[in-house]
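This is what each chain is made of:
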Amino acid sequence: HAIPEIMMIVIKIFFCLFFLPACFQQCRTFVQLKTKLTVADNSGAKIVECIKVMNGTRLARLGDTIIASVKEVLGRGKVKKGEVVYCVVVRSRMPRSRSDGSEVRFDDNAVVIINKQGEPVGTRIMGPVCHELRRRKMVKVLSLAEHVA
């Protein structure tokens, strides 16, 4: 009876060493429905939640436009809590390969709130902004950013 008990202990140790760490690793995925994102501008919103991706798929990457609901606000700003706003994704945890072979990945998921014409609502953009916005004709967002990565 000692051999099956020893085998069970070995199986449990193997499971704990190889399968459990994968469960606790940070999951890097696309921006999708219900994703909470930080706001990188001074429009007054702090956190928004994605309610629709506007690129025809369910997943948004760097430079894609989404529709989001404002979840948290900072004092008196231009947007109110519960308001539905258009946003462009400027930072994403999901790595993105570039044509020169490099890969860009940020520490957080962040957006800039824009109006229907594609102009930013805020007047300043904090933190780095991805270079892919130039291809999406978001030049106004790039000009307000303090750093383009």
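Below is a short write-up of the structure. What you see is a predicted model; the values in this text were computed from it and never measured. (Residues numbered from 1 in each chain as written. Predicted model: local features only at pLDDT ≥ 70, side-chain atom pairs only at ≥ 80, totals over all residues. Heavy atoms only, no water.)

Re the pairing of strand S7 (residues 110-114)
Link 1 in the chain: With respect to burial, S7 is a largely interior element, 5 of its 5 residues being buried.
Link 2 in the chain: The alternating pattern of S7 places Ala110, Val112 and Ile114 on one face and Val111 and Ile113 on the opposite face, and all of these are buried.
Link 3 in the chain: Note: strand S1 (residues 36-39) against S7, 2 bridges, orientation parallel. From the neighbouring strand, Thr38 faces S7, where its bridge partner is Ala110.
Link 4 in the chain: Of the pairings in the sheet, the one linking strand S4 (residues 84-91) to S7 comprises 5 bridges and is antiparallel in character. (Buried < 20%, exposed > 50% of the residue type's maximum accessible area, 1.4 Å probe, protein only. Helix = DSSP H or I, 4+ residues; strand = E, 2+ residues; numbered from the N terminus. Pairing = 2+ DSSP bridges.)

Let's talk about the pattern of salt bridges
Link 1 in the chain: The tally for this structure, following the rule as stated, stands at 6 salt bridges.
Link 2 in the chain: Arg91 is paired through a salt bridge with Asp108; the nearest N and O atoms lie 3.0 Å apart. You can see Arg91 sitting in strand S4 and its partner Asp108 sitting in the loop between strand S6 (103-104) and S7, a full 17 residues away along the chain.
Link 3 in the chain: Each of Lys34, Lys36 and Glu49 takes part in salt bridges that share partners, so that together they form one network. (Salt bridge = Lys/Arg side-chain N within 4 Å of Asp/Glu carboxyl O.)

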